[in-house]
Amino acid sequence: MNREVRVRFAPSPTGGLHIGGVRTALYNYLFAKKMGGKMLLRIEDTDQNRFVPGAEEYIMQALEWVGIKIDEGVREGGPYAPYKQSERKAMYMQYAMKLVNEGNAYYAFDTSEELDAMRKRMEASNVNFAYNSITRAQLKNSLTLSEDEVKRKLDAGEPYAIRLKVPRKDEIRINDLVRGWVMVHSSAMDDKVLMKSDGMPTYHLANVVDDHLMKISHVIRGEEWLPSAPLHVLLYKFLGWEETMPQFAHLPLILKPTGNGKLSKRDAEVGGFPIFPTEWKDPNAATAAIGYREEGYLPEAMVNFLAFQGWNPGTPQEMFSMDELIQAFTIERIGKSGTKFDINKAKWFNQQYMKLKSAKDLSEYLKADLSKRNISCEQNKLERICELLKERIVFAKDLWNEGKSFFEAPASYDETVLAAKWTTEAVKVITEFAEALAAKSSVNADEAKTVFNEVLEKNGVKMGKVLQALRLALTGVGAGPDLMHIIELLGKEEAVKRIKTALSILNSKVIV
Ligand code: GLU
């Protein structure tokens, strides 16, 4: 029977959503859409201690920014609502009770002080403490206490947790769609808490119950959850849901740029790149953390970049729109090993997407920067400037940085270029060029070039020897878009004026 593909992204609202989380959401989305299935967003907020106000809204808004559309979720609703675990609280106890009644879970009455004391005792003899099939026999639970005692405690309202009774000898096998067969012996597992004393389920129970009730077909999540998977498989088995258990796909880690370990917030700080998709204002932090959006990354570039952090299409094609990714995506092509995070690749993608933009689109970005400075410019000219700058920018903000000399005369001159290129020869050529330009009624780029060539020829100088000095005079820097087009766009008057100003200011700097 072909089952409807239903996947979920199930973040806990414990802070801003990291870029790695966005990748997990993206892979879920691509797979769902490829298979004609549904994408769910479930908020896993059972750990009230770690709840951070604003995180839930942030997650939704960040997914929206990259263009991941949710079919069922907190905002969207859906047939299995509510999609927030704290609102589903009442549903979980019955499943915990089924496990208790069938002997697959038990009540544990140990206080945290008692467990700490036990942990310390064991550690003193160099043994790590785990609540498991061996230690449970010495602890205070419904397997060691008499039935009467358990009943008395429960009736008296004593706090308890419900723990999974992990079989002592069992082999749990998982056929992970990314990693292949994973086998874990139950002796390596502990009796995880399923229900806490506050009546809230833990992640493990709530996650499995909800995946089952929401008819999830595939669990696609980060590799850090792989150690929990055997426990989840046991739960499916004990709850009698093995037949419809979702398939698992654990995604490879996104590694630090050095490749040593998982990418962290700290790596982002050190590397000078964002870790969050959009600005995240942690209510407990003094300042907001800037996101990829604020840095100037386009959502389509981020999607393309993130898709490649752990997956590849198996062809040399690198540029993929969301729709193309949906077409091309398969779980089989997700890599097993972690991918080093490479911010330069993100920049490269952004650059490619900026290049695809029309001059009109680019002019809108530039206009915003101009209006901040009270500079106005005619639309046609703006678009011509953007066309020239297109090849030179990575981010929208570079339009201003690279193009400010179209709007402002240089306020200073690059010292290095000056020291290397402001020669007697250059000054002579530039002076004559300014005079020749001034004699014309107007010049376009081609005409400016002809005039320049004539002056060069007359002086027997090669263009390469003086071009940078001319650029310096016109723009203050040593590199930029085609100089003759700059002259055309500045207009003859302004070009001549700038050259004359440079000649007089830099008079004393000539290298002989
Ligand atoms: N709530 C878990 C998280 O924060 C979900 C893990 C899973 O997808 O099962 O990532």
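Residues numbered from 1 in each chain as written. Predicted model: local features only at pLDDT ≥ 70, side-chain atom pairs only at ≥ 80, totals over all residues. Heavy atoms only, no water.

> Which parts of the structure should I look at to understand the pairing of strand β10 (residues 247–251)?
Consecutive residues of a regular strand have side chains that alternate between opposite faces of the sheet. The element β10 is largely enclosed, with a buried count of four among its five residues. Here five bridges tie strand β9 (residues 218–222) to β10, and the two strands are oriented parallel to one another. The residue of β10 that forms the bridge with Ile220 is Ala249. The β-α-β motif built from β9, the intervening helix α7 (residues 229–238) and the parallel element β10 has right-handed crossover chirality. (Buried < 20%, exposed > 50% of the residue type's maximum accessible area, 1.4 Å probe, protein only. Helix = DSSP H or I, 4+ residues; strand = E, 2+ residues; numbered from the N terminus. Pairing = 2+ DSSP bridges. Right-handed = clockwise from strand over helix to strand, strands pointing away.)

> Honestly, the site of the ligand in this entry has me stumped. Any pointers?
The local shell around the ligand consists of Arg8, Ala10, Ser12, Glu44, Tyr203, Asn207, Arg221 and Trp225. Within the backbone of Ala10, a nitrogen or oxygen atom sits 2.8 Å from a nitrogen atom of the ligand. A distance of 2.6 Å separates a nitrogen atom of the ligand from a polar side-chain atom of Glu44. Here the ligand has 300 Å² of accessible area as a free molecule, and 84% of this is covered by the chains. Here the residues of the shell around the ligand sort into three nonpolar, two polar and three charged. (Near = heavy atom within 4 Å. Polar contact = N/O pair within 3.5 Å; in protein donor to acceptor, adjacent residues only side chain to side chain. Areas by Shrake-Rupley, 256 points an atom, 1.4 Å probe, with all protein chains shown as cover. Nonpolar A, V, L, I, M, F, W, Y, C, P; charged D, E, K, R; others polar.)

> Looking at this structure, how should I read the packing of aromatic side chains?
Taken as a whole, this structure holds 21 aromatic pairs when the rule is applied. Centroid distance Tyr107 to Tyr160: 5.1 Å. Interplanar angle 90°. Geometry classified as edge-to-face. Note that Tyr107 is positioned in strand β4 (residues 105–108) and Tyr160 in the loop between α5 (147–155) and β5 (161–164), a separation of 53 residues in sequence. Note on Tyr107: relative accessible area 11%, which makes it buried. Look at Tyr160 and you get partly exposed, because its relative accessible area is 24%. Consider the rings of Trp311 and Phe320, whose centres lie 6.1 Å apart with planes at 80°: the pair is edge-to-face. For the pair formed by Trp311 and Phe320, the shared burial category is buried. Over the face of the ring belonging to Tyr131 we find Arg163, whose NZ or CZ atom lies 3.8 Å from the ring centre. In this structure, Lys345 packs its charged tip against the face of Trp348, placed 4.3 Å from the ring centre. (Phe/Tyr/Trp six-rings, centres within 6.5 Å; stacked < 30°, edge-to-face > 60°. Lys NZ or Arg CZ within 6 Å of the ring centre and 35° of its normal.)

> Just checking my understanding: could you explain the side chain of Thr202 for this structure?
Considering the arrangement of structural elements, one finds Thr202 in the loop between β8 (193–195) and α6 (203–213). When residues no more than four places from it in sequence are discounted, the contact partners of Thr202 are Thr46, Val193, Leu194 and Lys196. (Contact = heavy atoms within 4.5 Å.)

> For this particular structure, what's the right way to read the packing of helix α3 (residues 89–101) against α6?
Angle between the axes and distance between the axes are the two parameters that describe a pair of packed helices. Running from N to C, α3 and α6 point in directions that differ by 105°, and their axes come no closer than 10 Å. If you check the angle between α3 and α6, you find them roughly perpendicular. Every residue of α6 that contacts α3 at Met91, Tyr92, Tyr95, Ala96 and Leu99 is listed here: Leu205, Ala206, Val209, Asp210 and Leu213. A breakdown of the residues in the contact of α3 with α6 according to their chemical character gives nine nonpolar, no polar and one charged. (Axes fitted to C-alpha atoms, helices over the stretch in contact; angles between N-to-C directions. Parallel < 35°, antiparallel > 145°, perpendicular 65-115°, else oblique.)

> I tried to follow the packing of helix α10 (residues 299–307) against helix α12 (residues 343–355) on my own but got confused; where do I start?
Packing of α10 against α12 leaves a shortest axis separation of 8 Å and a crossing angle of 135°. Taken together, the axes of α10 and α12 are oblique relative to one another. Crossing of α10 over α12 shows right-handed handedness. For the pair α10 and α12, contact is made by Glu300, Ala301, Asn304 and Phe305 and by Lys345, Ala346, Phe349, Asn350 and Tyr353, respectively. Looking at the contact of α10 with α12 residue by residue, the classes come out as five nonpolar, two polar and two charged. (Left-handed = near helix turned anticlockwise from the far one by under 90°.)

> What is the right way to read helix α20 (residues 483–490) from this model?
Of all eight residues that make up α20, six are buried, and the element is covered over most of its length. Listing the buried residues of α20 in full gives Leu483, Met484, Ile486, Ile487, Leu489 and Leu490. Buried residues belonging to α20 abut α14 (379–389), α17 (424–438), α18 (445–459), α19 (463–475) and α21 (492–505). Structurally, the start of α20 carries an N-cap: the backbone nitrogen of Met484 is 3.3 Å from a side-chain oxygen of Asp482. Following α20 by one or two positions, Gly491 has its phi on the positive side, about 90°.

> Would you explain the sheet that holds β5 in this entry?
Sheets are built from strands paired through backbone hydrogen bonds, the pairs being either parallel or antiparallel. Overall, antiparallel pairing links the three strands, which are arranged β4-β5-β8 in an open sheet. Edge positions in the sheet fall to β4 and β8, since each of these pairs with one other strand and no more. Put simply, the sheet's adjacent strands are angled 40° from each other on average, direction ignored. Bridge count between β5 and β8: two bridges; the pairing is antiparallel. Directly across from Arg163, in β8, lies its bridge partner Val193. Lying over the sheet, α3 contacts β4, β5 and β8, oriented at roughly 105° with respect to β4.

Fair warning: the whole summary comes from geometry, so function is off the table for now.
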